[in-house]
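# Remarks on the overall topology
For reference, the chains in residue letters:
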There are 2 protein chains.
Amino acid sequence: MASQGEALRADAQHNRDRILEVAREALSANPDASLNSIAKAAGVGAGTLYRHFPSREALILGVYHKEIRALVDLVPELLTKHPPLTAFRRWCDRLSHYGRIKHGLAEVLHAAMTDRDFNESYGPMVAAIDRLLRAGEASGDFAPGANAEDVLLVLGFLWRIAPGEAGEARVARLLDLVIRGLRAR
Amino acid sequence: MASQGEALRADAQHNRDRILEVAREALSANPDASLNSIAKAAGVGAGTLYRHFPSREALILGVYHKEIRALVDLVPELLTKHPPLTAFRRWCDRLSHYGRIKHGLAEVLHAAMTDRDFNESYGPMVAAIDRLLRAGEASGDFAPGANAEDVLLVLGFLWRIAPGEAGEARVARLLDLVIRGLRAR
DNA sequence: ACCTGAACACCGTTCAAGT
DNA sequence: ACCTGAACACCGTTCAAGT
């Protein structure tokens, strides 16, 4: 559950890593892969998987934890290299990329928005967006007062665009629309 | 599958209606209600449910067919009574209302967007939005060229807002954002 | 032409028994 | 402290047998 609260016993740590490794592969091949099948492929009993990840969401969150982290850490970097508006845009592009490759992330973030247990990854995500919004506000590009949780919610469309050819263009069009909506008049 | 292609035999028609009636109730109590349980509650064999609705999506679409139809039919009415911009706004409010009451509609519309079988309800939906957009374009309120499918896609956030107290305000804020994004500069 | 309902393979989840 | 894996109740889906 916790990424590593107190050190796990060596075998437990090994199992945890192995489960995440197998789950990543299995889930990206098929987002609906059964937990039993993942446990079996990882060579652990079903109970072991449940001990480490008490729900499907917890497992997915475990798998994509690094990606979420990377996304959050990207914000300060983008803000030093680019003006706020393009920083926001780049960040959304990156978010879109993750969302489309890592199926299931969307559902998890959605669950995280209601479930109070998952704040560990949802919180930083919202904070990251908040930084981008405030920066845009300070530069006068964005209208003041935009809410980071709201923006994350709208950005959900990024995960519902099929990865196909037209997808790229659609993402661009829709991000334009959202950014126009955020802009100062 | 078809709402009523060629007339069904009397008993079949009766079963179909009964299934829809029970499914509406069961799904609104619990969006994940099992198809077996719905069949049982409707007093029909599992196979009968599958004969009428070959997939869960088809069933949900059957259940909410009337609501979707009503939504589509609302557009011309709104456009005669209101200027385009408020017509759009009112329509979105209504869409939001349906989405939050009738759980599962969102997933179905999403599926409908990829699956080519469901155009029967997705098509008219897109056409309805298109009318609203064109009207706003003609009046000079909306920037030209907005894509109706894109707009339906963004509006997906409407279904992911919890029905709670803060929900109403959130819907309002987010619709403002989208409308600002659509506006002519 | 349509319906029934048992049957199949599989699911998530639990929990006694092991080490 | 942690793991195993059989067991439970249930799922979606099919299909022989009925009318």
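Definitions and limits used
Residues numbered from 1 in each chain as written. Chains lettered and ligands numbered in written order. Predicted model: local features only at pLDDT ≥ 70, side-chain atom pairs only at ≥ 80, totals over all residues. Heavy atoms only, no water. Near = heavy atom within 4 Å. Polar contact = N/O pair within 3.5 Å; in protein donor to acceptor, adjacent residues only side chain to side chain. Helix = DSSP H or I, 4+ residues; strand = E, 2+ residues; numbered from the N terminus. Salt bridge = Lys/Arg side-chain N within 4 Å of Asp/Glu carboxyl O. Buried < 20%, exposed > 50% of the residue type's maximum accessible area, 1.4 Å probe, protein only. Phe/Tyr/Trp six-rings, centres within 6.5 Å; stacked < 30°, edge-to-face > 60°. Expected span 1.5 Å × (residues − 1). Bend = angle between axes of the 7 residues up to and from the residue. Least-squares fit on C-alpha atoms with pLDDT ≥ 70 in both. Domains from an automatic or database assignment. Contact = heavy atoms within 4.5 Å. Buried area = accessible area lost by both parts, 1.4 Å probe. Patch = residues over 30% accessible without salt bridge, like charges linked within 9 Å, V, L, I, M, F, W, Y side chains within 5 Å. Areas by Shrake-Rupley, 256 points an atom, 1.4 Å probe, with all protein chains shown as cover. Lys, Arg positive; Asp, Glu negative; His and termini not counted. Charge placed at Lys NZ, Arg CZ, Asp CG, Glu CD. Axes fitted to C-alpha atoms, helices over the stretch in contact; angles between N-to-C directions. Parallel < 35°, antiparallel > 145°, perpendicular 65-115°, else oblique. Nonpolar A, V, L, I, M, F, W, Y, C, P; charged D, E, K, R; others polar.

Right, let's get into the protein's contact with DNA strand D. The full set close to DNA strand D counts 19 residues, and Asn15(A), Gly45(A), Thr48(A), Asn36(B) and Tyr50(B) are the nearest of them. Backbone atoms, meaning sugar and phosphate, make up 65% of the atoms of DNA strand D lying within 4 Å of the protein. One nitrogen or oxygen atom from the main chain of Ala46(A) is found 3.5 Å from a base nitrogen belonging to DNA strand D. Within the contact set of DNA strand D, a phosphate oxygen lies 2.8 Å away from a side-chain nitrogen or oxygen of Thr48(A). For the surface near DNA strand D, the secondary-structure elements that each account for two or more residues are helix H1 (10-29) and helix H3 (46-52) of chain A together with helix H2 (35-42) and helix H3 (46-52) of chain B.

Between side chains of opposite charge, a pair can form as their charged atoms come close. Taken as a whole, this structure holds 22 salt bridges over all chains when the rule is applied. Residues Glu67(A) and Arg24(A) are paired through a salt bridge, measuring 2.8 Å at the closest nitrogen-oxygen approach. Here Glu67(A), found in helix H5 (residues 65-81), pairs with Arg24(A), found in helix H1; they are 43 residues apart in sequence, far enough to count as distant. Here Glu67(A) falls in the buried class, since its relative accessible area comes to 11%. For Arg69(B), the salt bridge is made with Asp73(B), and the minimal N-O distance between the two is 3.5 Å. Residue Arg69(B) and its partner Asp73(B) are both found in helix H5 (residues 65-81); the two are separated by four residues, about one turn of the helix. We classify Arg69(B) as exposed; its relative accessible area is 52%. Three or more residues joined by partner-sharing salt bridges are found here, namely Arg89(A), Asp93(A) and Asp176(A).

Residues and elements named next belong to chain A. Per the counting criterion, the structure on display carries two aromatic pairs over all chains. Pairing phenylalanine 88 with phenylalanine 142 gives two aromatic rings, centres 5.5 Å apart and planes at 85°, and the pair type is edge-to-face. Residue phenylalanine 88 is found in helix H6 (residues 84-101), and its partner phenylalanine 142 is found in the loop between helix H8 (119-138) and helix H9 (148-154); the two are separated by 54 residues along the sequence. Phenylalanine 142 shares its class with phenylalanine 88; the two are buried.

Compared with an ideal rise of 1.5 Å per residue, which puts 17 residues at 24 Å, H5(B) spans 25 Å between its outermost C-alpha atoms and is within 8% of the ideal. Of all the bends found along H5(B), the most pronounced is centred on Val75(B) and spans about 30°, while Pro76(B), a proline, follows it within four residues.

Least-squares fitting of chain B to chain A yields an RMSD of 0.0 Å, with the superposition described by an axial translation of 0.0 Å and a rotation of 180°. Accordingly, the operation relating the two chain copies is best matched by a two-fold axis. Residues of chain B ranked by C-alpha distance from the rotation axis are headed by Gly181(B), positioned 1.9 Å from it.

Okay, the domain arrangement of chain A next. Residues and elements named next belong to chain A. Segmentation of chain A into domains returns domain 1 (1-54) and domain 2 (55-182). For domain 1 versus domain 2, the separation of C-alpha centres amounts to 26 Å. On the domain 2 side, the residues contacting the 15 residues of domain 1 number twelve residues. Between domain 1 and domain 2 lies a buried interface of about 1,200 Å² when both sides are counted; carbon and sulfur atoms form 61% of it. Looking at the side of domain 1 facing domain 2, the largest losses of area belong to Arg24, Leu27 and Phe53, adding up to 40% of the total buried there. Where domain 1 meets domain 2, there are one salt bridge. Elements with a contribution of two residues or more to the side of domain 1 that touches domain 2: H1 and helix H2 (35-42). By residue number, the principal contributor to the side of domain 1 that touches domain 2 is H1, which donates six residues.

A contiguous patch of negative charge on the surface is contributed by Asp32(A), Glu107(A), Asp32(B) and Glu107(B). You can see Glu107(A) is positioned in helix H7 (residues 105-114).

When the terminal C-alpha atoms of helix H10 (residues 165-182) of chain A are compared, their 27 Å separation across 18 residues agrees well with the 26 Å that a helix rising 1.5 Å per residue should span. Regarding H10(A), the residues found buried are Gly167(A), Arg170(A), Val171(A), Leu174(A), Leu175(A), Leu177(A), Val178(A), Ile179(A), Gly181(A) and Leu182(A).

Let us look at the packing of H10(A) against helix H10 (residues 165-182) of chain B. It is at 7 Å that the axes of H10(A) and H10(B) come closest, and there the two elements cross at 105°. As far as their axial angle goes, H10(B) and H10(A) are roughly perpendicular. Across the interface between the two elements, Leu177(A), Val178(A), Arg180(A), Gly181(A) and Leu182(A) from H10(A) touch Leu177(B), Val178(B), Arg180(B), Gly181(B) and Leu182(B) from H10(B). Residues that form the contact of H10(A) with H10(B) fall into these classes: six nonpolar, two polar and two charged.

Bringing the packing of H1(A) against helix H4 (residues 56-63) of chain A into the picture now. How two helices sit against one another is set out by the angle between their axes and by the gap between those axes. Residue and element names in this part refer to chain A. At a minimum axis separation of 9 Å, H1 and H4 run at an interaxial angle of 95°. With respect to each other, H1 and H4 are oriented roughly perpendicular. Residues Ile19, Leu20, Ala23, Arg24 and Leu27 of H1 form the contact with H4, whose participating residues are Arg56, Leu59, Ile60, Gly62 and Val63. Residues of the contact of H1 with H4, tallied by class, amount to seven nonpolar, one polar and two charged.

In the vicinity of DNA strand C, 19 residues are found, and the nearest of them are Asn36(A), Tyr50(A), Asn15(B), Gly45(B) and Thr48(B). Put simply, 65% of the atoms of DNA strand C that lie within 4 Å of the protein are in sugar or phosphate. Ser34(A) places a polar side-chain atom, nitrogen or oxygen, 3.1 Å from a phosphate oxygen of DNA strand C. Separating a base nitrogen of DNA strand C from a backbone N or O atom of Ala46(B) is a distance of 3.5 Å. The leading source of residues in the surface near DNA strand C is H3(B), at five residues. Taken together, the residues that form the surface near DNA strand C break down as six nonpolar, nine polar and four charged.

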